[in-house]
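One-letter residues, chain by chain:
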Amino acid sequence: MTPKDRVDAVLAGLEGIRTDLEEVYKDFHAHPELGHQEHRTAGRVAERLRSCGYQVHEGIDGTGVVGVLANGEGPTVLLRADMDALPVAEETGLPYASTAEVTDPGGRRVPVAHACGHDMHMTCLLGATHLMAATPAAWQGTLVALFQPAEEPGDGADRMLADGLTAMIPRPDVAFAQHVLPYPAGQVGTRAGSFLSAADNLRITVYGRGAHGSAPQAAIDPVVIASMIVVRLQTIVSREVAATQPVVVTVGSVRAGTSGNVIPESAELLVNVRTFDDGTRQMVLAAVRRIVRAECEASGASRAPRIEEGTRFPPTVNDDAVTRDVSAAFSETFAERAVTIELQSASEDFSRIPDAFGTPYTYWALGCVDPDTYQAARRRGTVTQEIPVNHSPRFAPVLQPTLDTGVQTLVTAALTRLAKPDHVSP
Ligand code: ZN
Ligand code: ZN
């Protein structure tokens, strides 16, 4: 059996489960749950894994699920899917669109939708786990299917680890994950090395001295301090970072004051920083702190600013050798639909799991836009304006060939390692 024969043998069963998988997807899509609340979802996942013969660990930090299938001596491969949805009101118009509302961690009623495609990731992984379990003669080793809660808030992977994940499952030799992105469906994008950025969120409060709007001489105006900070922060990317180094610094929120004739006491800024390597990250974060402190001092602020660190995502850096093997296998399975993809300024917490085991990994992009729609927009030069991206209320992965492709990728990648020993190439 060549590697391609082995992939074909496992994927031969896909046609027989396609309709069932499409129903599973629609069910997940119509019943989204926010991070750490994925109880219904986790229940469905666990039930399916168990019915295929996986040993199932449930309730990891509440809603995490891991299925382990041991199939003789050999390497251990971990496949990961995330499970959570977003507080977004779906506007896709799909017959299986979400109309759900839930209570968020702050106690507010919010709409909820699978606007990032995690429902697709889960369905693909359930398809792959089913097919692998159904064809044990085609491979050898241990398959670990990990369904992770709360990727969006950024703490799902960490909290599974804190709840003892490393002691629960065998150490994986390699780990894989995928994400739907707005590229043509059927296309698969790999990239060695840096793929997704690290993200740091900062909440910055600057303090002035409040006074009547008519008497600025009696005040230290925090609105002016905050404004100077917003402008000066732009110089980090334009003046301090090399043109070849991708970095994003965004001030997403500025809040101060309540009235035109009152100079407030303080102002608050929410800052988001995206970087691709730790050296640059440290440099940019230090520059943000330096600028904030210096602007406060320049204005004679009443006290030092408060800089609080919020959610943080690690960078996703794909292992070169693992990515080379997976890309080669994808080229066999998908021919010209396997492409190299550009750096993405999005972030993920997946890498915390392989990092905790010291395991190399690769993470790839799964196209999910109707190919004709995509090509038409491309011809008009309007892809970014016309094609809804992840987190948009109109983000709607086309069911096929996205789902088929996402099952094929996972099986193909897993089989790069789960070969029978006598078939391992020298
Ligand atoms: Zn997302
Ligand atoms: Zn996502």
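One numbering rule holds for all chains: residues counted from 1, following each sequence as written. Each chain gets a letter, beginning with A, and each ligand a number, beginning with 1, in the order they are written. Where local features are concerned, this predicted model is filtered to residues with pLDDT of at least 70; where side-chain atom pairs are given and counted, the filter is 80 or more; whole-chain, interface and lining totals use all residues. Excluded from the side-chain calculations are hydrogens and water; all other atoms, namely the structure's heavy atoms, are used.

Visitor: I keep staring at the side chain of Thr 76 and nothing clicks. Help me out?
Guide: Checked against the element boundaries, Thr 76 lands in strand S3 (residues 76-82). Setting aside its immediate chain neighbours within four residues, Thr 76 contacts Thr 142, Val 144, Pro 170, Arg 171, Pro 172, Asp 173 and Val 174. In this description a helix means any DSSP run of H or I spanning at least four residues, a strand means any run of E spanning at least two, and both kinds are numbered starting from the N terminus. We call two residues in contact whenever any of their non-hydrogen atoms come within 4.5 Å of each other.

Visitor: What am I meant to see in the domain arrangement of the protein here?
Guide: Looking at the assigned domains, one finds that the protein contains domain 1 (3-196 + 315-418) and domain 2 (198-313). Relative to domain 2, the C-alpha centre of domain 1 lies at a distance of 37 Å. In this complex, domain 1 contributes 16 residues to the contact, which on the side of domain 2 involves eight residues. Contact between domain 1 and domain 2 buries roughly 910 Å² in total, counting both sides, with carbon and sulfur atoms accounting for 61%. Considering only the surface of domain 1 that becomes buried against domain 2, Pro 315, Ser 345 and Ser 347 emerge as the three largest contributors, covering 45% of it. Note on definitions: salt bridges are taken to be side-chain nitrogens of Lys or Arg within 4 Å of carboxyl oxygens of Asp or Glu. Along the contact surface separating domain 1 from domain 2 lie zero salt bridges. It is strand S9 (residues 193-196) that provides the largest number of residues to the side of domain 1 that touches domain 2, a total of three residues. Here the residues of the side of domain 1 that touches domain 2 sort into six nonpolar, five polar and five charged. Just so you know, the domain bounds were taken from an automatic or database domain assignment. Buried area is a sum: the accessible area each of two parts loses on coming together, probed at 1.4 Å, counted once for each and added. Side-chain classes are defined by residue name, with Ala, Val, Leu, Ile, Met, Phe, Trp, Tyr, Cys and Pro counting as nonpolar, Asp, Glu, Lys and Arg as charged, and the others, Gly among them, as polar.

Visitor: Looking at this structure, I do not really get the sheet that holds strand S10 (residues 198-207). What am I missing?
Guide: Two orientations exist for strands paired in a sheet by backbone hydrogen bonds: parallel and antiparallel. The pairing criterion is simple: DSSP has to find at least two bridges between the two strands. Spatially, four strands are ordered S12-S14-S10-S15 in an open sheet, and the strand pairing comes out antiparallel. Both outer strands of the open sheet, strand S12 (248-256) and strand S15 (303-313), are each paired with one neighbouring strand and no more. Put simply, the sheet's adjacent strands are angled 20° from each other on average, direction ignored. Strand direction decides the pairing type here: S10 and strand S14 (residues 266-275), joined by 10 bridges, are antiparallel. Looking at the pairing, Ile 204 lines up with Leu 269 of S14. Of the strands in this sheet, S10, S12, S14 and S15 touch helix H8 (residues 278-298), which is tilted by about 10° from S10. Inter-axis angles, ranging from 0 to 180 degrees, are taken between N-to-C directions of lines fitted to C-alpha atoms, where helices are fitted over the stretch in contact.

Visitor: Would you mind showing me how to read the environment of Val 112 here?
Guide: As for its position among the elements, Val 112 is in the loop between strand S5 (109-111) and helix H4 (118-134). Taking the C-alpha atoms as reference points, Val 112 and Thr 190, separated by 78 residues in sequence, lie 30 Å from one another.

Visitor: Sorry if this is basic, but what is going on with the sheet that holds strand S2 (residues 64-71) here?
Guide: One open sheet holds the eight strands; their spatial order is S1-S2-S6-S3-S7-S18-S8-S17, and the pairing between them is mixed. Sheet topology places strand S1 (55-60) and strand S17 (338-340) at the edges, where each strand pairs with a single neighbour. Taken pair by pair, the neighbouring strands of this sheet meet at an average axis angle of 25°, ignoring direction. Judged from the three bridges that link them, strand S8 (residues 188-190) and S17 form a sheet pairing that is parallel. Looking at the pairing, Val 188 lines up with Ala 338 of S17.

Visitor: I would appreciate a short explanation of the coordination of the zinc ion (ligand 1) in the present structure.
Guide: Each donor-metal-donor angle in an ideal tetrahedron of four donors is 109.5 degrees, and each such angle in an ideal octahedron of six donors is either 90 or 180 degrees. Listed as protein donors to the zinc ion (ligand 1) are Cys 116 (SG), Glu 152 (OE) and His 391 (NE2); their distances from the metal cover 2.0 to 2.2 Å. Only N, O and S atoms count as donors, using a 2.8 Å cut-off from the metal and 3.2 Å for Na, K and Ca, and because water is excluded some sites may appear unfinished. In the primary structure, the donors to the zinc ion (ligand 1) are separated according to the pattern C-x35-E-x238-H. Between the zinc ion (ligand 1) and the zinc ion (ligand 2) the interatomic distance comes to 3.0 Å, and Cys 116 is a ligand of both metals. You can see Glu 152 sitting in the loop between strand S6 (141-148) and helix H5 (156-162) and its partner His 391 sitting in the loop between helix H12 (383-386) and helix H13 (399-415), a full 239 residues away along the chain.

Visitor: How do you make sense of helix H7 (residues 222-240) when you look at a structure like this?
Guide: Residues three or four positions apart in an α-helix share a direction because the helix packs 3.6 residues into each turn. Given a helix with a known number of residues, its expected span is that number minus one, times 1.5 Å. A rise of 1.5 Å per residue sets the reference length of H7, with its 19 residues, at 27 Å; its end C-alpha atoms lie 26 Å apart and thus fit the reference within 8%. Residue burial is assigned from relative accessible area. The probe radius is 1.4 Å, only protein chains are included, and a residue is buried under 20% of its type maximum, exposed over 50%, and partly exposed in between. Buried within H7 are the following residues: Pro 222, Ile 225, Ala 226, Ile 229, Leu 233 and Ile 236. Among the structural elements, S10, S12, strand S13 (262-263), S14 and H8 are those in contact with the buried residues of H7. Two to three positions downstream of the cap, the backbone nitrogen of Val 223 sits 2.8 Å from a side-chain oxygen, assigning the N-cap of H7 to Asp 221. Polar contacts here mean pairs of N or O atoms no more than 3.5 Å apart (in protein, one a potential hydrogen donor and the other a potential acceptor; neighbouring residues in sequence count only if both atoms are side-chain atoms).

Visitor: Would you mind going over the pairing of S1 with me for this structure?
Guide: The two faces of a sheet get side chains in turn, since along a regular strand they alternate between them. When S1 meets S2, the two strands line up antiparallel, connected through four bridges. Paired with Gln 55 across the two strands is Val 68, which belongs to S2. Turn length for the S1-S2 hairpin, with the two strands adjacent in sequence and antiparallel, is three residues, and the turn residue Asp 61 shows positive phi of about 50°.

Visitor: Is there a simple way to explain the packing of helix H2 (residues 14-30) against helix H3 (residues 39-51) in this structure?
Guide: Two measures define how a pair of helices packs: the angle their axes make with one another and the distance between the axes. One way to put it is that H2 packs onto H3 with a least axis distance of 11 Å and a crossing angle of 160°. Taken together, the axes of H2 and H3 are roughly antiparallel relative to one another. Here the hand of the crossing between H2 and H3 comes out left-handed. Residue-level inspection shows Asp 20, Val 24, Asp 27 and Phe 28 of H2 in contact with H3, the latter providing Arg 40, Thr 41, Arg 44, Val 45 and Arg 48. Among the residues forming the contact of H2 with H3, the class breakdown is three nonpolar, one polar and five charged. Should an angle lie under 35 degrees it is considered roughly parallel, over 145 roughly antiparallel, and from 65 to 115 roughly perpendicular; all remaining angles are considered oblique. A clockwise turn of the near helix away from the far one marks a right-handed crossing, whereas an anticlockwise turn of less than a right angle marks a left-handed crossing.

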